Amino acid sequence: MTEYQIIEEDESGFEGRGAISELWNSRDFEIMISGPADTGKTYGCLQYIDALLWEHPGAQGVMGRKTYSALVTSALQTYKRVIGFHDARCPIKAYGGEKPEWYDYPNGSRLWLVGLDSPGKALSSERDFIYFVQAEELLLEDWEILITRASGRGAVMSYTRVIGDCNPASPSHWILHRKALKLLHSRHEDNPTLYDRQGNLLPEGAKRMAVLDSLTGTRYLRLRKGLWVQAEGVVYDGFNRGTHLLPSSFPIPAGWRRIRTIDFGYTNPFVCQWWAIDPDGRMYLYREIYLTGRIVRDHARQILRLSGGERIEKTICDHDAEDRATLEAEGIPTVPAWKAISIGIQAVQQRLELAGDGKPRLFVFADNLVEIDETLAEKRKPVRTLEEFESYVWPKGADGRPQKEVPVDEFNHGMDAMRYAVAYADGLGAPVSKTFTISNYAGFGTSRTTARRRRSDGW
């Protein structure tokens, strides 16, 4: 029996099954637990790293995610439950207030918290182990940086590890092709809160599995079935996280243009996006509200608070007259969005392409989300515009091929707001004067012939 072998259940009531049991019994340096949503991957990994810190006095571990804000609102909350942090008798102490930098154990061990958007001290020196949540968000370069921080120099533990958990993504993802990485597969039956030891679905498990069963398309195949599949018929197939996603934000220069775009919703998400436009015309999605169940008046007040000190050129909105009136009554003047879908999509696609300088004309900050909608998260639906890119697809025709006319009317709330922003920035639909030049269509990459046709069509 190895040091941490799980037979059935430890004294705290934690039960490790399947991939989690393999994690505890293995000593592989690089190890990844892959599986659909709600198989207990993160909970089991957190139990494991907590055990390591107790077992090895003075050990230095790291828990992280692509962005620190996402870590704080997800895995950190689960970690607090694992250690009983809200119990006054918990001997583990946090340092750093509501956004802690680390947790200290009474035996001298420490767990650092980190987002790759602001690595700071956590990754500034050698660690005994590193654990990253939602590792499918990472680039290969990110992972390779992590393994250099657990080489074993000065380690307290007799072995070091870099651990990740992930949901399936594209079959071309680096996780599936890294030979040095041991990949473990987690199943729903491995989660003792869903299934008993005989494999019978528990009442609570039935409720949670029903949520996963309600998913569609690629999200169903990945988050319910655990399959590494390519999203078919994606509208913005030119979007690439490695190219268009900026891992950390930077201060927006005061001289840059700023606009806001809004797609209204209540049962569906209300989306407000803040875009900065640099002197070369590149667009940056630097802040975002993506929430259900909140009235427009309350959104308006939050938008004003978040925009304090910023000079917003225009707020471009969906056409709902009542909701626009509410915004304007709260002090947010609006202009109606130009909503032509086909040409707007083409304009976005043009911005996603690499220009002559090797850079695209549209970027998304990884840490732009103001708050996570827990209702959407529980339903395994996108919680931000970034997550819509792989779910925004063309419908299939009778032959099974994508019909590239109008996308499926689902997972398009952030996509619509983004299209409004690009249309405004590129001057689409703007009134045309005699002095209007082709540069107004620079983002669209059009010709003079096309520009004349637009004018004759009335847009």
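See the structure printed just above.
Residues numbered from 1 in each chain as written. Predicted model: local features only at pLDDT ≥ 70, side-chain atom pairs only at ≥ 80, totals over all residues. Heavy atoms only, no water.

Participant: Can you walk me through the sheet that holds strand E11 (residues 270–277) in this structure?
Facilitator: Through backbone hydrogen bonds, the strands of a sheet pair up, either in parallel or in antiparallel fashion. Taken in spatial order, the seven strands of this open sheet run E9-E15-E12-E11-E10-E13-E14, and their pairing is mixed. The two strands at the open ends of the sheet, each matched to only one other strand, are strand E9 (245–246) and strand E14 (335–336). Sheet contacts for helix H10 (residues 296–306): strand E10 (257–263), E11 and strand E12 (283–291); angle to E12, the most-contacted strand, approximately 145°. The strands that helix H14 (residues 413–425) touches are E10, E11, E12, strand E13 (314–317) and strand E15 (362–365); relative to E10, the one it contacts most, it runs at about 140°. (Pairing = 2+ DSSP bridges. Helix = DSSP H or I, 4+ residues; strand = E, 2+ residues; numbered from the N terminus. Contact = heavy atoms within 4.5 Å. Axes fitted to C-alpha atoms, helices over the stretch in contact; angles between N-to-C directions.)

Participant: Please clarify how the sheet that holds strand E2 (residues 60–65) should be interpreted in this entry.
Facilitator: On the basis of which strands lie adjacent, the open sheet formed by eight strands has the order E3-E4-E5-E2-E6-E7-E1-E8 and mixed pairing. Two strands in the sheet have a free side with no partner beyond their single neighbour: strand E3 (93–95) and strand E8 (182–185). When the angles between neighbouring strand axes are averaged without regard to direction, this sheet yields 20°. Where strand E1 (residues 30–34) lies against strand E7 (residues 161–166), five bridges are found, and the strand directions are parallel. Note on E7: the bridge partner recorded for Ser34 is Cys166. Helix H4 (residues 75–83) contacts E2, strand E4 (102–104) and strand E5 (110–115) of the sheet and is inclined by roughly 10° relative to E4.

Participant: Looking at this structure, how should I read the pairing of E7?
Facilitator: With six of six residues buried, E7 is to be regarded as a mostly interior element. Neither face of E7 is left uncovered, since the one carrying Arg161, Ile163 and Asp165 and the one carrying Val162, Gly164 and Cys166 both have all their residues buried. Alignment of strand E6 (residues 129–132) against E7, held across four bridges, turns out to be parallel. Its bridge partner lying in E7, Phe129 is registered against Arg161. Handedness of the crossover joining E6 and E7 through helix H5 (residues 140–147): right-handed. (Buried < 20%, exposed > 50% of the residue type's maximum accessible area, 1.4 Å probe, protein only. Right-handed = clockwise from strand over helix to strand, strands pointing away.)

Participant: Would you mind going over the pattern of salt bridges with me for this structure?
Facilitator: Pairing is possible between side chains of opposite charge, provided their charged atoms come close. Per the counting criterion, the structure on display carries 29 salt bridges. Measuring nitrogen to oxygen at the nearest pair gives 3.0 Å for the salt bridge that ties Glu15 to Arg17. Notably, a salt bridge pairs Lys396 with Glu232, separated by 3.0 Å at the nearest N-O pair. Of this pair, Lys396 sits in the loop between helix H13 (374–378) and H14 while Glu232 sits in the loop between helix H8 (217–223) and helix H9 (241–244), and the two are 164 residues apart along the sequence. Judged on exposure class, the residue Lys396 and its partner Glu232 are both exposed. (Salt bridge = Lys/Arg side-chain N within 4 Å of Asp/Glu carboxyl O.)

Participant: How should the packing of aromatic side chains be read in this particular structure?
Facilitator: Scanning the model with the defined rule gives 19 aromatic pairs in all. An aromatic cluster is built from Phe250, Trp256, Tyr284, Phe363 and Phe365, whose rings are joined through pairwise contacts. (Phe/Tyr/Trp six-rings, centres within 6.5 Å; stacked < 30°, edge-to-face > 60°.)

Participant: Would you explain the pairing of E2 in this entry?
Facilitator: Each regular strand shows side chains that alternate between the opposite faces of the sheet. In terms of burial, E2 is largely enclosed, as six of its six residues are buried. Alignment of E2 against E5, held across six bridges, turns out to be parallel. In the sheet register, Val62 faces E5, and the bridge partner there is Trp112.

Participant: Looking at this structure, how should I read helix H7 (residues 203–213)?
Facilitator: Spacing of three or four residues puts side chains on the same side of an α-helix, whose turn is 3.6 residues. Listing the buried residues of H7 in full gives Gly205, Met209 and Leu212. The buried residues of H7 all sit within an arc of 45° when viewed along its axis, so they share a single face. Away from its buried face by more than 90 degrees, H7 exposes Pro203 and Lys207. On the buried face of H7, the contacting elements are H8. (Arc of directions from axis to C-beta.)

Participant: I tried to follow the environment of Ser74 on my own but got confused; where do I start?
Facilitator: Along the chain, the position of Ser74 falls in the loop between helix H3 (68–73) and H4. Residue Ser74 is classed as partly exposed on the basis of its relative accessible area of 23%. Distance in space between the C-alpha atoms of Ser74 and Arg301 is 26 Å, their sequence separation being 227 residues.

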